[in-house]
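# Close look at the chain arrangement
Listed here are the chains, written in short residue letters.
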Amino acid sequence: MDLSYTPEEEEFRVRLREWLAKVLPTLPAGPSPDDWPGRRAYDLGWQRMLYDAGYADVHWDASPTTRLIFLEETEKAGAPYVGANFVGLLHAGPTLAAEGTPEQRARWLPPILRGDEVWCQGFSEPDAGSDLAALRTRARRDGDDYVVSGSKIWTSHAEVADWCELLVRTDPQAPRHRGITWLAMPMDADGITVRPLRTLAGSAEFAEVFLDEVRVPVAHRVGAENDGWRVTMVTLSFERGTAFVGEVVACRRVLGELARTARENGRWDDPVLRRRLGRLSAEFRALWRLTQWNVSEAEAGGGVPGVGGSVFKLSYSHARQELYDTAAEVLGPDCLDLDRPWVLDRLSSLSYTIAAGTSQIQRNIVAERILGLPKGR
């Protein structure tokens, strides 16, 4: 498998670097982490700048390799994170591009690219997190609408979202994976209540969402009725395959910063710490190569990442946690100071072995779908 870049791809990289060097110094300071209306406006403003410059379509109209270059270079340059656009650009948008009808793509993709609309993800439920197929939010057909009742939890950016990628159970009698449907739900519909949740790190990017007889047009169904599990696997392949690319780049940068800090504060003299930093450096280099391999596989397979994304997600989650545990060693007693670099990152890293599919689920996927091992009884 060829992991090198073509001359055209390298030309795209140079052009993007030049544009970022020109634009980033002109950006205003971002809002505070708790100001979600302000963050929505800031994130959408950055997306509009990308759109006007011709870079907004990299998330689904460009090749996976071009998308990889874009995510790598924007992270290296310190460009704004996708933020409130995370679900729209990296989950719902690619899913709609792959599975939506021409009418659905025309309705929803341009507003995401222009920075006009924000999406949230309504997958997990209080009793159906890792075991997503156990979801119980019901949708019954009533003419041209589905009437939806239930609740969702850990719904990303629900408080500022315009749309929700929503999983519902449309056939309670069918086997668990066969009675699920993927809907696009407008967040201003009657019957929706959003209750923000505060995380260990103090942020509030998640929420509980309560649905009481919410009407969603049948035209907002993506894929066939009861075929939502297959559509969801497309969504999760993007979530696990390419959504963390920028974070790998950021982690490699943090490693360099940790080494410099350790030299400055004397902790570099500890050979165990040096070995740990060296091993993490090798691990993140390997993760970057795995990312390139997954992207090449996606390019050969029509643009949708494969199950190799689960290998990446499993390895990356644990590597990230170890990285920030190592940061605590470098900081010493300062690791308890929330205003110090990396401290909040260490707290948020605890969620990575849970979010986007727990490590236990990823191990099952690797065992069954890649290694061909029998399912547990």
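Residues numbered from 1 in each chain as written. Predicted model: local features only at pLDDT ≥ 70, side-chain atom pairs only at ≥ 80, totals over all residues. Heavy atoms only, no water.

## A few points about the side chain of H157
Relative to the assigned elements, H157 resides in the loop between β3 (145–152) and β4 (163–169). Look at H157 and you get buried, because its relative accessible area is 7%. (Helix = DSSP H or I, 4+ residues; strand = E, 2+ residues; numbered from the N terminus. Buried < 20%, exposed > 50% of the residue type's maximum accessible area, 1.4 Å probe, protein only.)

## Description of unusual backbone geometry
Phi at E213 is positive, roughly 55°, even though this residue is not glycine. You will see that N226, though not glycine, has its phi angle at about 70°, which is positive. By relative accessible area, N226 is classed as partly exposed at 24%.

## Observations regarding the state of the cysteines
Enumeration over the complete set of coordinates arrives at zero disulfides. C120 takes part in no disulfide bond, and the closest cysteine sulfur to it belongs to C164, at a distance of 3.7 Å. In this structure C164 comes out as buried when scored by relative accessible area, which is 2%. (Disulfide = S-S within 2.5 Å.)

## Structural notes on the packing of helix α4 (residues 86–99) against helix α5 (residues 102–114)
The N-to-C vectors of α4 and α5 enclose an angle of 155°; their axes lie 10 Å apart at closest approach. Judged by the angle between their axes, α4 and α5 are roughly antiparallel. Between α4 and α5 lies a crossing of left-handed hand. On the side of α4, the interface is formed by G88, L89, G93, L96 and A97, while α5 contributes R105, W108, L109 and I112. (Axes fitted to C-alpha atoms, helices over the stretch in contact; angles between N-to-C directions. Parallel < 35°, antiparallel > 145°, perpendicular 65-115°, else oblique. Left-handed = near helix turned anticlockwise from the far one by under 90°. Contact = heavy atoms within 4.5 Å.)

## Structural notes on the environment of R369
For R369, the location among the structural elements is in helix α11 (residues 359–370). Through-space distance from the C-alpha of R369 to that of Y5 is 29 Å; in sequence the pair is 364 residues apart.

So yeah, pure geometry; function would need other evidence.
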